Amino acid sequence: MKDTSNRPLSPRTMAVHAGTRRSQYGEVSEAMFLTQGFVYDSAEAAEARFLEASREEFIYARYGNPTVAMFEDRIAAIEETEDAFATASGMAAVNGALVSMLRAGDHVVAGRALFGSCLYILDEVLPRYGVEVTLIDGTDIAAWKAAIRPDTKACFFESVSNPTLEVVDIAGVAALAHDVGALVIVDNVFATPAFSRAVELGADVVVYSTTKHVDGQGRCLGGVICGTTEFVRKTAEPYLKHTGGSMSPFNAWVMLKGLEHMDLRVRAQAATAMALAEALEGHPKLARVIHPHLASHPQCDLARAQMEEGGTVLSFDVAGGKEAAFRVLNALEIVLISNNLGDAKSIATHPATTTHQRLPDDQKTMLGITPGLIRLSCGLEDAGDLVADVLGALDHA
Ligand SMILES: *Cc1c(COP(=O)(O)O)cnc(C)c1O
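Bear in mind the structure is a predicted one, so any value in this text is a computation, not a measurement.

Teacher, can you tell me more about the packing of aromatic side chains here?
Two measures describe an aromatic ring pair: the distance that separates the ring centres and the angle between the ring planes. Summed over all chains, the structure comprises 4 aromatic pairs. Ring geometry for Trp144 versus Phe157: centroids 5.6 Å apart, planes at 70°, classification edge-to-face. Note that Trp144 is positioned in helix 6 (residues 141-147) and Phe157 in strand 4 (residues 152-158), a separation of 13 residues in sequence. Accessibility assignment for this pair places Trp144 and Phe157 in one class, buried. Sitting over the face of the ring of Phe115, Lys212 holds its NZ or CZ atom 5.3 Å from the ring centroid.

Structure representation (structure tokens):
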């Protein structure tokens with residue numbers, strides 16, 4: 001892409017062009033530099049590069065790689081952050097963002113409705129190293145206000161929680177956190193980079209599992225930490241490159257190409273999710289249907305202000321509990337039973353017995369993970385076919 005700094009480009013244009021580095025062959029499609037190492041012209045050149053490498057000079061793929069750099073620059077352009085560091089998985093991104101900035105004696109406040117592995121980091125790993133963690137109801141701004149202290153260093157939450165799709169007020173939390181100088185770190189998977197306004201609303205660091213909508217076809221694990229150059233290069237990168245959490249060049253290439261059509265995919269998937277949520281709402285076999293942009297969602301206004309579309313996932317509670325939910329899952333003909341999300345293939349998950357199985361029953365109840373709850377990630381199939389599949393399966397409930 002030529003220098004277009006004189007006019008701002010839309011994220012969709014940057015998703016196709018930003019970050020591209022062309023080799024001497026002038027290839028159109030981004031090259032995959034499947035190499036762990038790089039050759040130096042002389043011993044002096046090697047010494048100089050180890051002393052200080054620019055963003056276009058590489059040493060070892062754990063430190064950086066041209067394909068990975070292309071992906072980092074492209075997603076930073078879309079997310080509108082100064083920089084990004086690509087990681088081996090979404091969890092490497094969450095762990096890297098938190099552990100790289102925290103030390104013993106620090107205090108963290110986090111929304112309680114978290115992905116199981118995120119909860120493990122906050123509840124088990126950080127306390128082991130002397131970081132105090134306060135878990136609260138992230139939807140309650142008064143709870144954030146009560147929990148944030150002068151020594152709070154970070155506030156962490158999923159902007160839309162898994163699997164009950166609760167929405168956290170990013171701007172509200174950011175105002176409270178910034179008052180005490182704490183960083184706001186947002187796990188933004190459900191908002192997707194296409195619908196995200198997290199940075200504009202005050203998030204300092206945005207992390208994604210790119211395994212989900214960025215790949216979008218269920219092939220590779222990946223993650224990314226988006227933030228200021230200061231945070232990404234001075235805090236997160238040293239920790240990640242020395243502890244082994246970097247993204248592989250092959251996975252970066254898959255993610256880079258995934259970004260080119262991510263916007264088209266997630267808009268189609270979000271439209272299907274909304275159509276399915278509307279078709280299911282009020283169904284006699286369902287106790288509730290949850291989707292952030294449904295008028296019945298308790299935080300619908302906030303969700304509409306924070307996200308251009310409601311996302312690609314909906315959840316619904318089958319009235320007959322676990323047995324009825326299992327009958328519905330087993331009767332699905334198109335939708336697969338699995339646990340990824342953001343995939344081109346629609347996927348249904350029973351959180352209580354799979355992704356959230358480890359949680360004690362009282363915590364499941366507190367988080368709304370009822371025995372009848374099914375999470376459905378809408379894929380790229382025809383919306384009418386999906387509605388028919390789910391309605392047909394509900395006849396078995
Ligand atoms: C999937 C997911 C993660 C973890 O990502 P991996 O790529 O599986 O490591 C973290 N947070 C949320 C909200 C997720 O959905």
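From this point, the discussion proceeds with the structure in view.
Would you mind going over the environment of Glu308 with me for this structure?
As for its placement among the helices and strands, Glu308 is situated in the loop between helix 11 (300-306) and strand 9 (313-318). Each residue touching Glu308, except ones within four places of it in the same chain, is listed here: Ala194, Phe195, Arg267 and His293. Within the structure, the side chain of Glu308 is placed 2.9 Å from the side chain of Arg267, a separation counted as a polar contact.

In this structure, what is going on with the site of the ligand? I would like to understand it.
The immediate surroundings of the ligand are formed by Ser89, Gly90, Met91, Phe115, Glu158, Asp187, Val189, Phe190, Ser209, Thr211, Lys212 and Gly222. With respect to the ligand, the side chain of Asp187 contributes an N or O atom lying 2.6 Å from a nitrogen atom. Between the ligand and Thr211 there is a distance of 2.6 Å, counted from an oxygen atom to a side-chain nitrogen or oxygen. About the coverage of the ligand: the protein hides 92% of its 380 Å² of free accessible area.

How do you make sense of the domain arrangement of the chain when you look at a structure like this?
One frequent convention defines the size of an interface as the accessible area lost when the parts assemble. Here the domain parsing of the chain yields domain 1 (11-258) and domain 2 (264-394). Just the C-alpha atoms count here: the centres of domain 1 and domain 2 sit 27 Å apart. Between domain 1 and domain 2, the contact holds 36 residues from the first and 37 residues from the second. Here domain 1 meets domain 2 over a buried area of about 2900 Å², counting both sides, of which 60% is carbon and sulfur. The interface formed by domain 1 and domain 2 includes 0 salt bridges. The interface formed by domain 1 and domain 2 contains 13 residue pairs in polar contact (both at pLDDT 80 or more). Elements with a contribution of two residues or more to the side of domain 1 that touches domain 2: helix 5 (116-128) and helix 8 (192-195). Looking at the side of domain 1 that touches domain 2, the element that brings in the most residues is helix 5, giving 4 residues. Partitioned by chemical class, the residues of the side of domain 1 that touches domain 2 number 17 nonpolar, 11 polar and 8 charged.

Would you mind showing me how to read the sheet that holds strand 3 (residues 132-136) here?
For sheets, the rule is that strands pair by backbone hydrogen bonds, running either parallel or antiparallel. In spatial order, the strands read 1-7-6-5-4-2-3; together these 7 strands make up an open sheet with mixed pairing. Both outer strands of the open sheet, strand 1 (83-87) and strand 3, are each paired with one neighbouring strand and no more. Mean inter-strand twist for the sheet, computed between neighbouring axes without regard to direction, equals 20°. Relative to strand 6 (residues 205-209), strand 5 (residues 183-187) is paired through 3 bridges, and the arrangement is parallel. By the bridge assignment, Val186 is partnered in strand 6 with Val206. Running over the sheet, helix 9 (residues 229-243) touches strand 1, strand 5, strand 6 and strand 7 (223-227) and is turned about 20° from strand 1.

What am I meant to see in the nonpolar core here?
A general feature of soluble globular proteins is that nonpolar side chains tend to end up buried together. Ranked by internal contacts, the top residues of the largest apolar core, which has 46 residues, are Phe71, Ile75, Trp144 and Phe157. The element best represented in this core is helix 10 (residues 249-280), accounting for 8 residues. What Phe71 contacts, discounting residues up to four positions off in sequence, is Ala86, Thr210, Val214, Val224, Met247, Ala252, Met255, Leu256 and Leu259. By size, the runner-up hydrophobic cluster in this structure holds 31 residues, among which are Cys118, Ile121, Val207 and Ala236.

What is the right way to look at the sheet that holds strand 10 (residues 336-337) in this model?
One open sheet accounts for 5 strands, arranged 8-9-12-11-10; its pairing is mixed. Looking along the sheet, the strands with just one partner apiece sit at the ends: strand 8 (286-290) and strand 10. Direction of pairing for strand 8 relative to strand 9: antiparallel, over a ladder of 4 bridges. Bridge assignment links Leu286 to a residue of strand 9, and that residue is Val318. In this fold helix 10 packs onto strand 8, strand 9 and strand 12 (373-377), with an angle of close to 20° to the strand it touches most, strand 9.

Would you explain helix 5 in this entry?
Since one α-helical turn is 3.6 residues long, residues separated by three or four positions face the same way. The first and last C-alpha atoms of helix 5 sit 18 Å apart over 13 residues, in line with the 18 Å expected at 1.5 Å per residue. The largest bend in helix 5 comes to about 25°, at Leu122. Among all positions of helix 5, only Cys118, Leu119, Ile121, Leu122, Val125 and Leu126 are buried. Check the buried side of helix 5 and you find it contacts helix 4 (90-101), strand 2 (107-111), strand 3, strand 4 and strand 5. Just downstream of helix 5 lies Gly130, where phi reads positive at about 80°.

Looking at this structure, I do not really get the pattern of salt bridges. What am I missing?
For side chains bearing opposite charge, pairing can occur when the charged atoms are close. Enumeration according to the criterion identifies 23 salt bridges in this entry. Across the salt bridge formed by Glu72 and Arg233, the nearest N and O atoms sit 3.2 Å from each other. Placement of Glu72 in helix 3 (residues 66-79) and of Arg233 in helix 9 is noted, with a sequence separation of 161 residues between them. Through salt bridges with shared partners, one network takes in Arg21, Arg55, Glu56, Glu72, Asp73, Asp83, Arg233, Glu237 and Lys241.

Criteria and cut-off values
Residues numbered from 1 in each chain as written. Predicted model: local features only at pLDDT ≥ 70, side-chain atom pairs only at ≥ 80, totals over all residues. Heavy atoms only, no water. Phe/Tyr/Trp six-rings, centres within 6.5 Å; stacked < 30°, edge-to-face > 60°. Helix = DSSP H or I, 4+ residues; strand = E, 2+ residues; numbered from the N terminus. Buried < 20%, exposed > 50% of the residue type's maximum accessible area, 1.4 Å probe, protein only. Lys NZ or Arg CZ within 6 Å of the ring centre and 35° of its normal. Contact = heavy atoms within 4.5 Å. Polar contact = N/O pair within 3.5 Å; in protein donor to acceptor, adjacent residues only side chain to side chain. Near = heavy atom within 4 Å. Areas by Shrake-Rupley, 256 points an atom, 1.4 Å probe, with all protein chains shown as cover. Domains from an automatic or database assignment. Buried area = accessible area lost by both parts, 1.4 Å probe. Salt bridge = Lys/Arg side-chain N within 4 Å of Asp/Glu carboxyl O. Nonpolar A, V, L, I, M, F, W, Y, C, P; charged D, E, K, R; others polar. Pairing = 2+ DSSP bridges. Axes fitted to C-alpha atoms, helices over the stretch in contact; angles between N-to-C directions. Core = buried A, V, L, I, M, F, W, Y, C linked by side-chain atoms within 4.5 Å. Expected span 1.5 Å × (residues − 1). Bend = angle between axes of the 7 residues up to and from the residue.

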